[in-house]
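# Coordinate inspection notes
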Amino acid sequence: MKKILVISDSHGDNEVIKHILNHEEYDLAIHAGDYCSDITFMKKHFDYFVDGNNDYEWKKQESFICEGFNFLLIHGNQFWSFDKDKWFMRMKEYGKQQNIDVVIFGHSHKSFIDNQTQPFLFNPGSVSLPRDLSATYGIIEIDKNKLTMLIEHLK
């Protein structure tokens, strides 16, 4: 089984990132933007990460393959709309064009999982400025071609 740790919208809170990284077991660590940290810190702690609307040093998107699944990592602000359905539709359409199975994004500070039709959408929420009831991050598990997406609350 492969386990992907997904963090987003940490906004410079490197201590909370270190806490999560030290308390979770994972194979890959990724960050969906608005890290607002030194690029050296990000390269040291994450396998993949992208810039959010508050970051300006790295990449706007990153694609990677894990266990045969195609992932797209973006912050999501590129497709933003106050109409949530339109926002999600835009990301799904872009993901389809890129032959993506899962679009991982952030920006809203609110966790979200859509695993009904591909490409799936996954937003882990925010670890430092949540709009959920508490700070959240995500776990994606891949076991024998089965993908499970989970939201974890910061302990």
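I will try to describe carefully the structure that is included in this document. Source: prediction; values computed, not measured.

Parameters at a glance
- Residues numbered from 1 in each chain as written.
- Predicted model: local features only at pLDDT ≥ 70, side-chain atom pairs only at ≥ 80, totals over all residues.
- Heavy atoms only, no water.
- Pairing = 2+ DSSP bridges.
- Helix = DSSP H or I, 4+ residues; strand = E, 2+ residues; numbered from the N terminus.
- Contact = heavy atoms within 4.5 Å.
- Axes fitted to C-alpha atoms, helices over the stretch in contact; angles between N-to-C directions.
- Polar contact = N/O pair within 3.5 Å; in protein donor to acceptor, adjacent residues only side chain to side chain.
- Expected span 1.5 Å × (residues − 1).
- Buried < 20%, exposed > 50% of the residue type's maximum accessible area, 1.4 Å probe, protein only.
- Arc of directions from axis to C-beta.
- Phe/Tyr/Trp six-rings, centres within 6.5 Å; stacked < 30°, edge-to-face > 60°.

Further remarks concern the sheet that holds strand 10 (residues 146–153). Taken in spatial order, the five strands make up an open sheet running 3-2-1-9-10, and their pairing is mixed. Where the open sheet ends on each side, the last strands, each with one partner, are strand 3 (48–49) and strand 10. Pairing analysis gives eight bridges linking strand 9 (residues 136–143) to strand 10, with the strands arranged antiparallel. Each bridged residue has a counterpart across the sheet, and for isoleucine 139 the counterpart in strand 10 is leucine 150. Strands in contact with helix 1 (residues 14–23) are strand 1 (2–7), strand 2 (28–31) and strand 9; relative to strand 1, the strand with the most contacts, it is inclined by about 165°.

What follows is about the environment of glutamate 62. Relative to the helices and strands, glutamate 62 is located in strand 4 (residues 61–66). With 43 residues separating them along the chain, glutamate 62 and histidine 19 place their C-alpha atoms 25 Å apart. In this structure glutamate 62 touches Tyr48, Val50, Phe71, Leu72 and Leu73, once residues within four positions along its chain are discounted. Within the structure, glutamate 62 has its side chain in polar contact with the side chain of lysine 59 (distance 2.9 Å).

Before going further, it helps to examine the sheet that holds strand 7 (residues 112–114). Ordered by their spatial adjacency, five strands build an open sheet running 4-5-6-8-7, and the pairing between neighbours is mixed. Either end of the sheet is taken by a strand with one partner, and the two such strands are strand 4 and strand 7. Adjacent strand axes in the sheet meet at a mean angle of 20°, parallel and antiparallel pairs treated alike. One ladder, built from three bridges, connects strand 7 with strand 8 (residues 120–123); its direction is antiparallel. Considered in strand 8, the bridge of isoleucine 113 is made with phenylalanine 122. Strands in contact with helix 3 (residues 84–97) are strand 4, strand 5 (69–74), strand 6 (102–104), strand 7 and strand 8; relative to strand 8, the strand with the most contacts, it is inclined by about 120°.

Here the focus is helix 3. Along its 14 residues, helix 3 runs 20 Å from first to last C-alpha, staying within 8% of the 20 Å computed at 1.5 Å per residue. Every buried residue belonging to helix 3 is among Trp87, Phe88, Met91, Lys92, Tyr94 and Gly95, and all of these are buried. Projected down its long axis, helix 3 carries its buried residues within an arc of 165°, all on one side. Facing away from the buried side of helix 3 by more than 90 degrees, the exposed set consists of Asp85, Lys96 and Gln97.

Another point: the packing of aromatic side chains. In this description, an aromatic ring pair is defined by two values, namely the gap between the centres and the angle between the planes. Tallying each qualifying case throughout the model produces 11 aromatic pairs. Here phenylalanine 79 and tyrosine 94 contribute two aromatic rings whose centre-to-centre distance is 5.1 Å and whose plane-to-plane angle is 45°, an arrangement assigned as tilted. Of the two residues, phenylalanine 79 is situated in the loop between strand 5 and helix 3 and tyrosine 94 in helix 3; the sequence distance between them amounts to 15 residues. By relative accessible area, phenylalanine 79 is classed as buried at 17%.

Functional significance is not addressed by these values, which are geometric in nature.
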